Structures are given as structure tokens and as C-alpha cells.
Amino acid sequence: MTRRIKKVAIIGSGIMGSGIACHFANIGVEVLLLDIVPRELNDREKAKGLTLEDKVVRNRLVNDALAASLKSKPSPIYNQKFADRITTGNLEDDLYKIKDVDWVMEVVVERLDIKQSVFEQVEKYRTPGTIISTNTSGIPIKFMNEGRSEDFRKHFAVTHFFNPPRYLKLFEVVPGPDCKQEVTDFLMDYGSKFLGKTSVLAKDTPAFIGNRIGIFGIQSLFHQVKELGLTVEEVDKLTGPVIGRPKSATFRTVDVVGLDTLVHVANGIYENCPNDEAHDLFKLPDFINTMVENKWLGDKTKQGFYKKTTNAEGKREILALDLDTMEYRPSKKAKFATLELTKTIDKPIDRFKVLVGGKDKAGEFYRKNFAAMFAYVQNRIPEISDELYRIDDAMKAGFGWENGPFEIWDAVGVEKGIELMKAEGKEPAAWVTEMIAKGEKSFYTVKDGATYYYDVPAKAQVKKPGQDSFIILDNIRKTTEVFKNSGVVIEDLGDGILNCEFQSKMNTIGGDVLAGLNKAVDLAEKDFQGLVIGNQGANFSVGANIGMIFMMAVEQEYDELNMAIKYFQDTMMRMRYSAIPTIAAPHGMTLGGGCELSLHADKVVAAAETYIGLVEFGVGVIPGGGGSKEMALRAQDLFHTGDVQLNVLQEHFLTIGMAKVATSAYEAYDLNLLQKGKDVVVVNKDSQIAEAKKHAMLLAEAGYTQPVKRKDVLVLGKQALGMFLVGTDSMEASKYISEHDQKIANKLAYVMAGGDLSEPTKVSEQYLLDIEREAFLSLTTERKTLERIQHMLKTGKPLRN
């Protein structure tokens with residue numbers, strides 16, 4: 001039987017329930033969101049004369065919860081319009097509607113008695129064969145199964161999302177003891193293909209995989225911090241981006257999540273894992289108990305390991321908790337000699353050998369920390385997973401680690417890891433010793449572009465499942481490289497398709513990247529059928545290399561700057577006007593020049609989590625790589641007659657003028673940065689390069705012909721320019737924008753109006769590019785523009801002057 005999920009019911013509308021409902025709505029599924037009926041009226045309802053029988057009262061809890069979720073930041077939903085896919089109701093009046101859904105998911109409070117009561121009610125209305133699952137983070141399935149029918153048990157599993165459900169990729173699937181294999185397989189596949197998650201099969205053990213290992217790591221740090229005499233700031237410095245972890249690192253993450261949440265999970269592991277060799281480590285240290293008693297739980301109580309205050313001068317200040325005195329003090333910057341040694345090493349995976357060799361307190365911290373982690377994860381096989389890669393997948397997807405524990409162990413060296421463990425009095429597991437004795441020197445290997453892992457039961461390297469629909473650039477780069485410079489690597493993806501992968505810092509677009517893009521088109525036109533521009537870094541591209549622009553402008557090398565901008569424009573135009581189809585595959589931050597590249601590709605295959613926009617106003621210029629031209633062109637393609645033309649053009653003008661950034665690929669459609677009917681969105685980023693390759697092949701096979709350069713772009717001239725100038729005058733007079741902002745806006749207005757032509761006129765793209773470039777260059781002569789660029793280079797933040 002082929003299962004299709006058209007409608008789901010989510011029971012429980014708290015933070016997780018509403019977040020999960022929004023994510024199903026994100027992917028186009030109809031959602032029924034249910035919660036309990038209030039037992040008493042609130043003051044507002046009393047004032048209106050409502051009763052407990054009024055529908056608005058009976059659905060108050062679910063409606064308020066969903067409304068709060070939709071207002072939260074970051075948003076749980078790709079586009080606010082998608083919320084229309086969610087219908088709300090209550091468990092007394094609307095539970096019968098679950099008979100029409102394909103999947104019922106329980107997301108109520110973590111109490112067994114309440115869950116059992118919900119399942120008993122669900123059984124009355126659920127259609128046999130419908131999937132039923134729970135989002136529990138640790139209640140054993142055998143207890144939830146008690147008293148349930150055979151059909152219920154055969155279709156029952158844990159489907160554990162991490163918070164926030166839209167953004168964290170981990171989707172743990174824990175089948176019940178009677179769950180049918182086809183249900184387990186379906187949930188694993190659905191999580192990956194439709195929800196865009198990393199589906200991890202887990203066993204019914206306390207805290208499953210992600211929280212078991214993640215909480216161990218945090219508890220281990222809690223006990224080490226005092227032993228090594230480290231401050232909370234120092235631990236966060238050592239456990240953040242330098243080792244490929246989120247900026248919030250350890251203590252800041254606990255503040256965001258809530259100390260009470262962590263304590264709840266840690267206590268659960270302590271109580272339910274008496275035979276765990278690290279059992280005592282899950283016992284909370286005294287300073288944590290003190291914080292809980294004081295209600296210093298993090299952001300939710302306004303203070304935790306950090307506290308935001310206002311000092312005597314009225315400036316915001318961040319205080320840090322001194323774990324010895326249990327008093328707050330001004331936070332201090334942490335510095336370590338060992339970390340200085342890693343500054344020239346781009347990838348975190350390449351830093352670990354240096355970090356464990358450090359001679360200072362940081363080196364000692366890493367040796368102790370990794371020794372404890374390696375010892376712990378090796379002993380969790382086969383307890384929580386039979387396969388080691390599932391542990392790594394869970395930590396990467398659920399906790400935002402760039403590398404999982406076994407990948408880090410490989411990076412340090414398996415034998416070196418054992419040496420670190422022995423120095424801390426810990427021994428390697430029997431299976432690790434046996435692996436080394438068999439001559440296996442690593443947990444992972446790469447063969448023919450695929451990842452293999454050491455399978456403990458098979459005692460051999462086995463191909464990791466689920467890769468066939470992915471293209472992993474790290475795995476193929478060495479064997480498929482066609483061309484390389486300091487800015488890009490061009491790889492042969494097979495089937496006549498090339499990929500141009502940016503390799504610059506933050507994938508900025510400078511001279512070498514532009515040269516690489518032109519080389520990729522040259523190669524593709526000569527010997528291939530199509531070109532993908534994609535990478536698997538954290539972000540597609542944060543834009544043009546503004547440092548280069550700044551230096552040329554400061555040195556007043558305007559001829560060279562003019563040539564550089566023209567080279568950028570010409571390269572973007574080659575993306576559109578070449579003999580082969582070009583596919584851009586943006587994801588993450590796709591700003592400025594990265595956005596311009598996407599605008600000029602034949603097709604965009606965007607990851608759902610693409611944050612795309614033309615943000616050049618923030619550094620005092622207009623988009624100069626074809627972005628201003630392109631928005632004028634896209635506006636005119638939507639023109640009809642009369643005032644509508646001006647309104648459409650104004651919307652596109654404001655997209656640039658307000659430096660709007662879409663918070664998802666779906667929102668980018670509303671800004672016309674992606675185009676409906678042409679560009680597509682993929683929810684699972686791991687499949688993006690493979691999908692982009694398919695679209696390149698489809699265009700090539702359909703008989704792709706090089707487009708003819710356009711000379712039919714309708715510009716409105718003085719009619720539009722006058723409207724824009726009146727608007728910017730009004731905004732400057734009202735102090736909404738600065739005098740310099742007005743100058744930038746007026747330059748953009750001139751470009752998008754097509755200059756001060758006396759009447760609407762059809763012009764070429766090249767005409768618009770020329771006036772765009774002229775406007776861009778004139779702005780780089782402004783002192784305030786140079787101040788903005790310099791500020792951005794120093795701080796990474798825009799300056800308003």
C-alpha cells in the first residue's frame with residue numbers, strides 16, 4: 001500500500017505542538033490542531049458576556065497558542081499565508097474529525113497518565129491503519145501501549161522533533177515493540193523526503209539518542225568547569241564555532257532552552273539508567289541546584305548563566321555568573337593561545353588535532369572533554385543504536401554540531417583518541433579494540449563518492465544507507481575535480497553536468513570566483529550539457545567582496561573599480577546568456593551578489609531555508625552586479641496599464657531600498673526574487689545539489705537554446721522618477737531616512753526608472769546595466785558610503801549615517 005499524508009491531526013498546541021503543526025503546513029499538508037477546553041472564563045471573556053459554551057471560548061487555548069507561535073521569532077512558518085492550512089479545534093467538540101486524517105500525533109505534556117487518557121479517546125475515532133505517534137522525549141513505549149488495540153500498537157511509534165521544529169533537523173523515529181516494519185520505514189522516509197529532516201532510527205531507551213549524548217556532553221562540562229577553573233565565558237568560547245558548534249555554545253544554549261528543561265531530562269536519565277557507567281555524572285552539581293532554587297532558569301526568567309542589565313550610563317550590559325561566588329559580574333572576553341593556532345584553519349574538522357595538542361588550559365580542556373565523550377559514545381553501542389553513524393547524525397541534526405563524536409574521533413585519530421581516554425583512566429570498548437586489531441584505522445571511509453562506516457555486528461566497513469539520492473561534494477571533490485583556483489572548485493557531477501562550488505571565505509564573490517564562474521561556463525559550453533552553481537557550506541554566498549571594493553574606492557582607482565563592476569555584471573549576464581542551462585542552488589544566507597547570481601540563472605533550485613535579498617543599501621550603494629537592472633526588468637514583466645505599473649515598480653524599488661531579506665525561499669516568491677512557475681524549492685537541503693543536477697539535465701534534454709538578449713524592457717522614465725523623488729523627499733523631511741539614504745535611494749530611482757526619459761520607452765538590458773554601474777560608482781566616491789563599508793568590514797553590521 002502506498003501511504004500519502006494529506007492531512008494530520010496534532011493533539012496539543014503548546015510550543016512544540018504549534019511548531020510541528022506549522023512545519024506540516026510548511027510542506028503543504030492540511031493540519032487539524034486540537035487542545036483542551038478552558039475550565040473558566042478569563043477577564044476579557046467575562047467583560048464580553050461570553051460563556052463556557054461559546055465556541056470562541058472553547059477554542060481559546062488552541063487559538064492563543066497558535067497565534068503566539070506564529071508571532072514568535074524566528075518564525076515557525078515559511079510564509080504567514082501557509083497558516084491557512086491549519087484548522088483549530090478542541091478535544092471535546094472536534095476529536096471525531098481525526099477519522100479523516102492520515103496521521104495522528106500526540107504532543108501533550110510529558111505525563112504518562114495524560115498521554116494514556118488521550119490515546120484512549122483517540123482509539124474511539126481513529127480509522128484503522130492510520131499512523132499514530134507521540135512526540136515524547138523519553139516515556140517508554142511499552143507503558144504508552146498498555147490497554148491499546150492491536151491495530152493501534154501496529155501503527156504506533158515515537159516521532160521526536162527537536163525544538164524549534166522548523167529549524168532543527170533531527171527527527172528521531174522509535175518504533176513500538178509491535179510496530180509494523182512498513183510503518184517504521186515510511187516514517188523514516190517521510191521525515192527525510194517530505195519534512196526535510198535527518199531521520200534517525202533510535203531504540204526505546206531513556207532520552208533516545210540525541211538527548212542522551214547531548215545531555216551527557218553538557219553534564220560533563222558542568223562537572224569539568226570547576227575542576228579546570230574555567231569561567232562560563234571561557235567554556236562558551238571553547239565549545240562554540242571554533243569546534244563547529246553553534247555560537248550559543250554551551251551555557252548560552254542552556255539559557256535559551258531553559259535550565260529547567262535540561263534538569264528534567266538529566267534527572268530522567270539519572271533515574272532510569274542506573275547501570276550507565278557515567279551514572280553519577282548525570283547528578284546535578286550544587287551550582288545547578290542553587291540556580292534552580294533561585295529560578296535562574298535562563299531567558300524565560302531573565303537570568304541564567306548570563307543576565308542582561310542596563311549600567312549607570314544607560315547602556316546595555318551582559319553579566320556572567322561566577323560559579324564560585326554565585327554572583328553576577330561583567331562578562332569578560334576569553335582568549336587562549338591554542339585557539340590562536342587554529343585561526344588559519346578554515347574547517348573545524350581540521351582543527352581538532354591542533355586543539356588536543358594545546359599546551360595551555362584550552363588544550364587540557366579539549367583532551368579531557370573529548371576523552372570523556374569518546375569513552376561514553378563507544379559504550380552506547382549497541383545500547384542506544386546498533387550503528388555508530390546514527391549517533392553522529394543525531395548530534396549534528398539535533399544540536400547543530402558540524403561533526404559528530406565519531407567523526408571528531410576520526411579527525412583526532414582513533415589511536416590518539418584511545419590514548420586520551422587512557423590518560424583519563426578510561427579503556428576502549430571491546431569492539432573498538434577489535435576494529436583496530438582488524439586493521440581498520442577509522443570509523444568512516446569514502447569510496448566512489450559514498451560514505452562507509454564501521455559496522456560493529458558485521459565487523460567491516462558498510463555503505464551508509466540513504467545516500468543514493470544525495471550528492472555529497474566533500475566525498476566527490478578529489479576524484480571529480482575539473483578545474484580549481486583559490487575561489488572555486490569545478491566538479492563533474494556526471495551525466496554531462498558540471499558544478500561550480502565556491503571556496504572563498506563565507507563564499508564571498510571576488511575576482512577568483514568570477515573567473516571560476518566564467519571558466520565553468522567555458523568548460524560546460526565546450527564539453528558538457530549544463531552547469532549547477534552550488535555548495536554545501538553554511539551559506540550560499542554573503543555577497544560581493546566589499547573589502548576589494550573599499551580598497552579600490554579609498555585609493556580612488558575608479559577605472560579599475562569600473563572594470564571590476566563591469567566584470568561582475570558581464571559574469572552575471574553569462575549566467576543567463578550562455579549555450580547551456582545554468583541552475584543556481586542557493587541556501588542559507590544568499591545576499592547581495594549571491595542574490596544577483598541567483599536572479600540571473602536560468603532556474604533556481606532553492607533550499608527552503610534560504611534567506612535571500614539585495615542588501616547593498618546597508619553599505620551605502622545600490623546593487624551593482626545586475627540586481628537593480630533585474631528588479632526593474634522583473635517589475636516590467638508584471639506591468640499591465642496605468643497606475644498599476646507605478647505600483648508594481650514601487651514594490652520592486654522598496655525590496656531593494658528597504659534591503660528586504662526573505663526569511664524563507666517561499667517568502668522570496670512574494671518579493672519576486674524567486675519566480676513562480678520557473679524556480680523550485682526543496683525542503684531537504686541534503687538533496688539540493690542532486691535536484692539541481694536533475695533540473696539542469698531536464699532543460700538540456702528539452703533542447704535548451706541560448707536566449708536572445710533582451711531589448712524590450714519597458715522603463716517609465718520621468719513618470720516613475722518623479723514619483724520616487726517625491727517619496728524620498730518626504731521620507732527625508734520626516735526624518736525616516738538620512739540625507740545619505742536619500743542620495744542612495746535617488747540613485748536607485750534613476751536606474752529603475754530607466755533615467756529621466758521623457759516618456760515610457762523600451763530599452764536594452766545593457767542600457768540599464770550601464771546606468772546601474774554609473775550610479776554604483778558615483779556612490780563609492782561618497783565619504784559616508786566608505787564609512788558604511790568600513791563599519792561593515794569591522795563589525796559585520798550596517799551603519800546608518
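Residues numbered from 1 in each chain as written. Predicted model: local features only at pLDDT ≥ 70, side-chain atom pairs only at ≥ 80, totals over all residues. Heavy atoms only, no water.

### A word on unusual backbone geometry
Condition: Secondary structure elements are taken from DSSP: a helix is a run of H or I of four residues or more, a strand is a run of E of two residues or more, and numbering for both begins at the N terminus.
In this structure, P74 follows K73 across a cis peptide bond, with omega equal to -5°. You can see P74 is positioned in the loop between α4 (60-71) and β3 (86-90). In this model, I381 is joined to P382 through a cis peptide bond whose omega is 10°. Mapped onto the elements of the fold, P382 is located in the loop between α16 (361-378) and α17 (388-399).

### Concerning the sheet that holds strand β8 (residues 198-201)
To keep it simple, the criterion reads: Between any two strands, pairing holds if DSSP finds at least two bridges. Helix axes are fitted to C-alpha atoms over the stretch in contact, other axes to C-alpha atoms as well, and angles between N-to-C directions run from 0 to 180 degrees.
Read across the sheet, eight strands follow the order β3-β2-β1-β4-β5-β6-β7-β8 without closing on themselves; strand pairing throughout is mixed. Because the sheet does not close on itself, it has two edges, and the strands there are β3 and β8. The average angle at which neighbouring strand axes cross in this sheet is 25°, direction not considered. Pairing of strand β5 (residues 131-134) with strand β6 (residues 156-161), which is carried by three bridges, proceeds in the parallel orientation. Note that in β6 the partner of S133 across the bridge is A157.

### Section: empty space enclosed by the protein
Heads up, the rule is: Any residue with an atom within 4 Å of a point lines the site, the site being either a cavity, points on a 1 Å grid over the protein atoms alone where a 1.4 Å probe fits but cannot get out, or a pocket, an open set with protein on both sides within 12 Å along at least 5 of 7 lines. Grid points are joined across faces, edges and corners, and a volume is the space filled by probe spheres set on the points. For this scheme, ten residues count as nonpolar: Ala, Val, Leu, Ile, Met, Phe, Trp, Tyr, Cys and Pro. Four count as charged, namely Asp, Glu, Lys and Arg, and the remainder, Gly too, count as polar.
Under the definition given, this model contains one cavity of 30 Å³ or more. Counted as a void, the largest cavity has a volume near 30 Å³. Lining the largest cavity are A632, F639, L649, L714, V715, L716 and M752. Classifying every residue of the lining of the largest cavity gives seven nonpolar, no polar and no charged.

### A short note on the side chain of N518
Filter applied, for reference: Accessibility here uses a 1.4 Å probe with only protein chains present; expressed as a share of the type maximum, an area under 20% marks a residue as buried, one over 50% as exposed, and anything in between as partly exposed.
Along the chain, N518 turns up in helix α22 (residues 511-527). The class of N518 is buried, set by a relative accessible area of 13%.

### Regarding the sheet that holds strand β11 (residues 327-330)
Spatially, β9-β10-β11 is the arrangement adopted by the three strands of the open sheet, whose pairing is antiparallel. For this open sheet the edge positions go to β9 (306-310) and β11, each flanked by a neighbour on one side alone. For this sheet the average axis-to-axis angle between neighbouring strands, irrespective of direction, equals 40°.

### What about the pattern of salt bridges?
Test applied: We define a salt bridge as a side-chain nitrogen of Lys or Arg found within 4 Å of a carboxyl oxygen belonging to Asp or Glu.
Tallied over the entire structure, the rule returns 62 salt bridges. Between R58 and E92 there is a salt bridge, and its shortest N-O distance comes to 3.0 Å. One end of the pair, R58, is in helix α3 (residues 55-58); the other, E92, is in the loop between β3 and β4 (103-106), and 34 residues separate them in sequence. Residue classification places E92 among the partly exposed positions, given a relative accessible area of 49%. Between K693 and D495 there is a salt bridge; the shortest N-O distance is 2.8 Å. Residue K693 is found in helix α29 (residues 688-701), and its partner D495 is found in the loop between β16 (488-494) and β17 (497-502); the two are separated by 198 residues along the sequence. On the accessibility criterion, K693 (11% relative accessible area) is buried. Residue classification places D495 among the exposed residues on the basis of a relative accessible area of 55%. Each of R39, E53, R58, E92 and D93 takes part in a single network of salt bridges with overlapping partners.

These results come straight from atomic positions and should not be treated as a statement about function.
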